[in-house]
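Tertiary structure, described
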Amino acid sequence: QWILLDEDQNPWEDVIDEYYLKFRFWYEDYDASVPTHKNLQRVYYQTEAHATEYDIVKAPEGTPPDQAIQVITAHWQVNHMVGQKPGATGIELIYAGGHCHAPSCLSMELYNADTGRLLCRHIPVYGQGNVDEDKFDEEGYLALPPCLWGGKEEGLEKPVFLPFNGNMTSVKRNNNTYAHYGDMASWQMRGAYV
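Here we summarise the structure given alongside this text.

Each value, and the rule that gives it
Residues numbered from 1 in each chain as written. Predicted model: local features only at pLDDT ≥ 70, side-chain atom pairs only at ≥ 80, totals over all residues. Heavy atoms only, no water. Salt bridge = Lys/Arg side-chain N within 4 Å of Asp/Glu carboxyl O. Helix = DSSP H or I, 4+ residues; strand = E, 2+ residues; numbered from the N terminus. Buried < 20%, exposed > 50% of the residue type's maximum accessible area, 1.4 Å probe, protein only. Patch = residues over 30% accessible without salt bridge, like charges linked within 9 Å, V, L, I, M, F, W, Y side chains within 5 Å. Areas by Shrake-Rupley, 256 points an atom, 1.4 Å probe, with all protein chains shown as cover. Lys, Arg positive; Asp, Glu negative; His and termini not counted. Charge placed at Lys NZ, Arg CZ, Asp CG, Glu CD. Pairing = 2+ DSSP bridges. Axes fitted to C-alpha atoms, helices over the stretch in contact; angles between N-to-C directions. Core = buried A, V, L, I, M, F, W, Y, C linked by side-chain atoms within 4.5 Å. Contact = heavy atoms within 4.5 Å. Disulfide = S-S within 2.5 Å.

Thoughts on the pattern of salt bridges
What the rule picks out here adds up to eight salt bridges. Here Lys22 makes a salt bridge to Glu138, at a shortest N to O gap of 2.6 Å. Separated by 116 residues along the polypeptide, Lys22 in the segment before strand E1 (41–46) and Glu138 in the loop between strand E7 (125–126) and strand E8 (142–143) bring together distant segments of the chain. Taking relative accessible area as the criterion, Glu138 reaches 16% and is therefore assigned buried. Ionic contacts of the salt-bridge type, sharing partners, join the residues Lys22, Arg24 and Glu138 into one network.

Now the structure itself:
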């Protein structure tokens with residue numbers, strides 16, 4: 001038990017916070033005779049201009065909550081978020097997961113700026129507790145389902161090719177009825193060199 005204070009003290013001697021973590025792992029057995037697996041590279045970019053975290057500025061007093069929206073936008077090239085590999089011309093995007101903090105995160109959008117195509121849009125999904133119908137619909141939990149690409153046999157769209165010199169745009173929206181610190185707007189992705 002560690003408590004970070006400027007003096008050696010514990011003001012909460014009889015208070016114990018309890019929390020739970022839940023992990024789910026999906027995997028597929030590797031079959032060397034069939035090329036079913038790709039080596040995926042970490043592809044990462046921060047909409048918040050490499051600051052890791054940024055502040056949500058309070059909307060002007062009296063702004064209705066449905067209009068209290070702070071927007072940040074970033075523009076960059078694919079080669080700024082993944083290293084170039086000799087012989088490769090870009091990456092095929094397989095997974096894109098926006099990272100933002102509840103409960104003020106309204107959406108995150110990732111665009112191919114050269115074509116204007118929306119590649120991925122995250123909208124938080126609030127659990128309703130209907131676990132008999134959907135085991136992942138847990139009340140009190142918030143989910144940000146990732147965008148996935150793969151094969152038709154998996155029910156997925158074909159992976160998105162992004163050339164190294166391709167231009168990207170990210171748009172993050174937050175409710176800013178209240179000010180707060182330490183929000184994030186990063187894209188955690190995986191892609192295969194092509």
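Section: a negative patch on the surface
A contiguous patch of negative charge, built from Glu28, Asp29, Glu153 and Glu154, is present on the exposed surface. Within the secondary structure, Glu154 is located in the loop between strand E9 (147–148) and strand E10 (160–163).

Remarks on the sheet that holds strand E6 (residues 117–122)
Strand order in the open sheet made by the four strands is E3-E11-E5-E6, with antiparallel pairing throughout. Edge positions in the sheet fall to strand E3 (69–77) and E6, since each has one partner strand and no second. Ignoring which end each strand starts from, the neighbouring axes of this sheet average 15° apart. The pairing of E3 with strand E11 (residues 167–175) spans nine bridges and is antiparallel. Note that in E11 the partner of Ile69 across the bridge is Asn175.

Structural notes on the nonpolar core
In this structure, Met81, Leu110 and Leu162 are the most contacted members of the largest nonpolar core, which totals 29 residues. Filtering out sequence-adjacent residues up to four positions away, Leu162 remains in contact with Val78, Met81, Gly90, Ile91, Leu93, Asn112, Leu119 and Met168.

Observations regarding a nonpolar patch on the surface
A cluster of nonpolar side chains, Tyr19, Leu21, Phe23 and Phe25, forms an exposed patch at the surface whose accessible area comes to about 610 Å². One can find Phe23 in the segment before E1.

A short note on the pairing of E11
Most of E11 is tucked away: seven of the nine residues are buried. Strand direction decides the pairing type here: strand E5 (residues 105–112) and E11, joined by seven bridges, are antiparallel. Considered in E11, the bridge of Met108 is made with Lys172.

Observations concerning the state of the cysteines
This structure, assessed with the given rule, holds two disulfides. Across the disulfide, Cys100 is cross-linked to Cys105 (sulfur-sulfur distance 2.0 Å). Residues Cys100 and Cys105 are joined through a disulfide that is left-handed, its torsion about the S-S bond being -75°. Each member of the pair Cys100 and Cys105 is classed as buried.

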